[in-house]
Amino acid sequence: MNRIDLTFKSLREQKKKAFIAFITAGDPDLKTTHDLVLAFEKAGVDIIELGVPFSDPMADGPTIQASSMRALQKGTSLTKVLDLVKSLRTQTQIPIALMTYTNIIFHYGDEKFVKDAKACGVDGIIIPDLPVTEAHVLTTAAKKADLSTVFFIAPTTSDERAKQIADASSGFIYYVSITGVTGARQATPVTTFKHLKKIKTFITKPVCVGFGISTAEQVKSVSKVADGVIVGSAIVKEILKYSNDKNLVSKVAKFVQSLAAAR
Amino acid sequence: MKIKKQQLPDKSGHYGEFGGCYAPETLMGLLIDLEKEFQKIKKDKTFQKEFDYYLKEYAGRPTNLYHAKRLSAHLKTLNVYLKREDLLHTGAHKINNTLGQIIVARRMGKTRIIAETGAGQHGVATATAAALFGLKCVIYMGAEDVKRQSLNVVRMKLMGAEVRPVESGSKTLKDAMNEAVRDWVTNVHDTFYIIGSVAGFHPYPVMVRTFQSIIGKEARSQFLAKEKKLPDYLLACVGGGSNAMGLFHAFYNDSSVKMIGVEAAGHGVNTHAHSATLTKGEVGVLHGSKSMLLQDKDGQVQIAHSVAAGLDYPGVGPEHSYYQQSGRAEYVSIDDQEAVAALKLLSRMEGIIPALETSHAIAYLEKLARRVKGKASVIVCLSGRGDKDMNQISKFV
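Definitions and limits used
Residues numbered from 1 in each chain as written. Chains lettered and ligands numbered in written order. Predicted model: local features only at pLDDT ≥ 70, side-chain atom pairs only at ≥ 80, totals over all residues. Heavy atoms only, no water. Helix = DSSP H or I, 4+ residues; strand = E, 2+ residues; numbered from the N terminus. Rg over C-alpha atoms; globule rule 2.2 N^0.38 Å. Contact = heavy atoms within 4.5 Å. Areas by Shrake-Rupley, 256 points an atom, 1.4 Å probe, with all protein chains shown as cover. Buried area = accessible area lost by both parts, 1.4 Å probe. Salt bridge = Lys/Arg side-chain N within 4 Å of Asp/Glu carboxyl O. Polar contact = N/O pair within 3.5 Å; in protein donor to acceptor, adjacent residues only side chain to side chain. Pairing = 2+ DSSP bridges. Axes fitted to C-alpha atoms, helices over the stretch in contact; angles between N-to-C directions. Buried < 20%, exposed > 50% of the residue type's maximum accessible area, 1.4 Å probe, protein only. Parallel < 35°, antiparallel > 145°, perpendicular 65-115°, else oblique. Left-handed = near helix turned anticlockwise from the far one by under 90°. Nonpolar A, V, L, I, M, F, W, Y, C, P; charged D, E, K, R; others polar. 1 Å grid on protein atoms, 1.4 Å probe; cavity = no way out; pocket = protein on both sides within 12 Å on 5 of 7 lines; lining within 4 Å. Points joined across faces, edges and corners; volume = space filled by probe spheres on them. Phe/Tyr/Trp six-rings, centres within 6.5 Å; stacked < 30°, edge-to-face > 60°.

Enquirer: How should I be thinking about the overall build of chain A in this particular structure?
Expert: A tally of helices and strands in chain A yields twelve helices and nine strands. Computed over its C-alpha atoms, the radius of gyration of chain A comes to 17 Å, within 12% of the 18 Å expected for a compact globule of 263 residues. For chain A, the C-alpha atoms occupy an extent of roughly 45 × 40 × 35 Å along the three principal directions. Taking contacts inside chain A between residues at least 6 apart in sequence as the whole, the part at least 24 apart equals 72%. Summing over all exposed atoms, chain A offers an accessible surface of approximately 10200 Å²; the carbon and sulfur share of this is 55%.

See the structure below:
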């Protein structure tokens, strides 16, 4: 069991739901990312999803696209993000999953990535353009190292495929709440709840819902049916809003706390 | 050389280590349905009849295989035939594919069409097919390309398409494709994405190859009828690689026929401004498939450059990577200046103004002429006409 599994075990015992916060590593800079992770832990975040920027983030909406570009302009790379996690591990044991695109991991080398990520204290990997059918090399290596591989289920996923995805997933399953790219929206569609309830009847691993969740109200309603809620773009927007504010970290943490408290 | 009989791609869309389907999960259900529909139409006589009808009556097939006598005399060692895809309706080979895909889209009950475009030729061909069948059409085009290919933007708009300029990244073809994928993920229920090259998620590379392979099928029988033998060489430009694959595929098992794909060297392959993916790239994953890719040491996709907007792409269709790796085809490159010179050469020699993309293939003829011992015959895919490039080319005249 890695940190992600232990967190879900403990949350389940307390009958609580997970709050997962996404931020792009290196936006506005790696030092701020470091401080945000520590502040988020205090704000009640259970798991950190750390974005490793890619030049062509085709599953992301404008907010995370722009954030990725800012991080790349600052010279953020997978190697630097791994170093960041390594340094964070001297101060925190909060579970950390990396989110990036296939080419970043493939270019680094799947097996080398698993080895180095594990050594630096990374707990899981999330890749939105890597379906289970193309992930064999990565999942095999990750399984051996107890690194969680989080795959996606979408509203368009068939039951048969959802089972296959659940089998290949570890840590948790990422349920995409809308047909669309990442980005804050004001409401979660009713059909999402229906489909989610249905797949929960045959999936026992934790299912967390992300994409489009930006308000405390959404966090509250989604966490009634899911095992966890993922918020990304809404937090990234806050970071941008306070980018010239010396109290950026505390202000963003306060926002995150208000969302985390709603679950 | 000995060539293995070709059965590629495999069921999951792989050409050796290349290809595959690297798609966001939201699209997977649709891509699986599309694969099923594609398998169906390959054997379906109704589809074939409809497709053939539009290729012949609307697009203007078959296209001529023209013997370029003055050019051949100029080159001395080469007997050059031009496969005149430029004579098709809309002025390039792209219409072969858009007609095929739009029939598939209608069969799948989709009512809205999207596409990416670089030079605008695929955008025009898509807008044309959408107008022909009365479907709503949105074209994504890099803001940079909207500027340099403004005539094609007007054409698309005239035919009722909405052109959305893409301001992200390098503002060219790759970014237009990112944006089209984002649209598709959002509107997956009613929208069909007509991809313009032998690239993207499986089954697109094989589907586009199938619709474009008419180029090679015709050229092969036309050449046999005229020369009573097979050509020694096939020559075509390669961006994503659809006109090249369209020409090459029918000759795959003809082991005596050598295939050469010409990439864009831009300012030179040793600069940072080129699109020579197969010459300078490394294996990577972009836009749904594994193939050669221009990328930096961290795996970030590099910005490509070419004077020809249609070649200005840092990736290439996965089957070309496979052809290169297996040695079935050779890939070379031609820079911006050489391409412009070739555009002028063909215009003066034969009274045919080729597109800047196609001019890369024409330019390589002079190098090939010096390579061959004795005499050799070559078919060049004249993939598009140069009308769209007149604004850009006027400064060189």
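Enquirer: I'm lost on the interface of chain A and chain B in this one. Help?
Expert: By a widely used convention, the size of an interface equals the accessible area lost when the partners come together. At the interface, 32 residues of chain A touch 40 residues of chain B. Regarding the contact of chain A and chain B, the summed buried area is about 2700 Å², with carbon and sulfur atoms giving 53% of it. Among the residues of chain A in contact with chain B, A:Met58, A:His107 and A:Glu134 are the three that bury the most area, contributing 25% of the side total. Put simply, chain A and chain B have two salt bridges between them. Residues B:Lys174 and A:Asp56 are paired through a salt bridge, measuring 2.8 Å at the closest nitrogen-oxygen approach. Taken together, the links from chain A to chain B amount to 21 residue pairs in polar contact (both at pLDDT 80 or more).

Enquirer: Any chance you could explain the sheet that holds strand β6 (residues 136-142) of chain B here in plain terms?
Expert: All names here are of chain B. Strands sit in the order β7-β6-β5-β8 across an open sheet of four strands; the sheet is parallel. Every other strand in the sheet has two partners, leaving β7 (162-166) and β8 (191-193) as the edge strands with one partner each. Within this sheet the neighbouring strands show an average axis-to-axis angle of 25°, counted without direction. Both β6 and β7 contribute to a ladder of five bridges, which runs parallel. Pairing of Val-138 across the sheet is with Glu-162, part of β7.

Enquirer: What should I look at first to understand unusual backbone geometry in this one?
Expert: Peptide bonds are trans in most cases, and residues, glycine excluded, mostly fall at negative phi. Cis geometry marks the peptide bond from B:Arg61 to B:Pro62, where omega comes out at -5°. One can find B:Pro62 in the loop between α2 (45-59) and β3 (65-67). Although it is not a glycine, A:Lys15 sits at a positive phi angle of roughly 55°. Looking at the secondary structure, you find A:Lys15 in the loop between α1 (3-13) and β1 (18-24). A relative accessible area of 75% places A:Lys15 in the exposed class.

Enquirer: Whenever I open this one, the packing of helix α2 (residues 30-42) of chain A against helix α4 (residues 78-88) of chain A confuses me. Can you help?
Expert: To characterise two packed helices, one gives the angle between the axes of the helices and the distance between these axes. Residue and element names in this part refer to chain A. Where α2 meets α4, the closest approach of the two axes is 11 Å, and the angle between their N-to-C directions is 40°. Between α2 and α4, the crossing angle belongs to the class labelled oblique. The way α2 lies across α4 gives a crossing that is right-handed. Side by side, α2 and α4 meet where Leu-30, Thr-33, His-34, Val-37 and Leu-38 of the first sit next to Lys-80, Leu-84, Ser-87 and Leu-88 of the second. Partitioning the contact of α2 with α4 into residue classes produces five nonpolar, three polar and one charged.

Enquirer: Which parts of the structure should I look at to understand empty space enclosed by the protein?
Expert: Leftover empty space is mapped by rolling, across the atoms, a probe with the size of a water molecule. Using the criterion set out here, one finds eight cavities of 30 Å³ or more in the structure. Looking at the largest cavity, its volume works out to about 370 Å³. As for the largest cavity, its lining consists of 32 residues, of which B:His93, B:Lys94, B:Leu173, B:Gly196 and B:Gly310 are closest to the centre. Elements represented by at least two residues in the lining of the largest cavity include exactly β5 (112-117), α5 (121-133), α8 (173-186), α11 (242-248) and α15 (356-371) of chain B. Per-class residue counts for the lining of the largest cavity are eleven nonpolar, 17 polar and four charged. By volume, the second largest cavity is sized at about 200 Å³. In terms of lining residues, the second largest cavity is bounded by 21 residues, among which A:Asp60, A:Ile64, A:Tyr174, A:Thr182 and A:Phe211 are the most central. For the lining of the second largest cavity, the secondary-structure elements that each account for two or more residues are β9 (228-231) and α11 (233-241) of chain A.

Enquirer: Looking at this model, I keep getting lost on the pattern of salt bridges. Mind explaining?
Expert: It is possible for side chains of opposite charge to pair when their charged atoms get near one another. For the structure shown, the criterion picks out 38 salt bridges over all chains. The residue A:Arg89 makes a salt bridge to A:Asp123 at a minimum N-O spacing of 3.0 Å. Of the two residues, A:Arg89 is situated in the loop between α4 and β3 (96-99) and A:Asp123 in the loop between α6 (110-120) and β4 (124-126); the sequence distance between them amounts to 34 residues. Each member of the pair, A:Arg89 as well as A:Asp123, carries the same accessibility label: buried. With a closest N to O distance of 3.7 Å, B:Glu57 and B:Lys56 form a salt bridge. Since its relative accessible area comes to 55%, B:Lys56 is described here as exposed. Taken together, the shared-partner salt bridges connect B:Glu37, B:Lys40, B:Asp44 and B:Arg107 into one network.

Enquirer: Honestly, the packing of aromatic side chains in this entry has me stumped. Any pointers?
Expert: Each aromatic ring pair is summarised here by two numbers: the centre-to-centre distance and the angle between the ring planes. Residues and elements named next belong to chain A. A full pass over the atoms with the stated rule returns 17 aromatic pairs over all chains. When the centroid spacing of 5.9 Å and the interplanar angle of 50° are considered together, the rings of Phe-8 and Phe-172 count as tilted. On the criterion of sequence distance, the pair formed by Phe-8 in helix α1 and Phe-172 in the loop between α8 (159-168) and β7 (173-176) is long-range, its members being 164 residues apart. Accessibility expressed as a relative area gives 7% for Phe-8, which makes it buried. Taking relative accessible area as the criterion, Phe-172 reaches 2% and is therefore assigned buried.

Enquirer: Help me understand the sheet that holds strand β8 (residues 207-210) of chain A, please; the structure alone is not making it clear to me.
Expert: Strands pair in a sheet through their backbones, by hydrogen bonds, and they do so in one of two ways: parallel or antiparallel. All names here are of chain A. Across the sheet, which stays open at both edges, the nine strands sit in the order β5-β4-β3-β2-β1-β9-β8-β7-β6 with parallel pairing between neighbours. Because the sheet does not close on itself, it has two edges, and the strands there are β5 (148-150) and β6 (152-153). With respect to the sheet, α1 is in contact with β1, β2 (47-51), β3, β4, β5 and β8, its orientation differing from that of β2 by roughly 145°.

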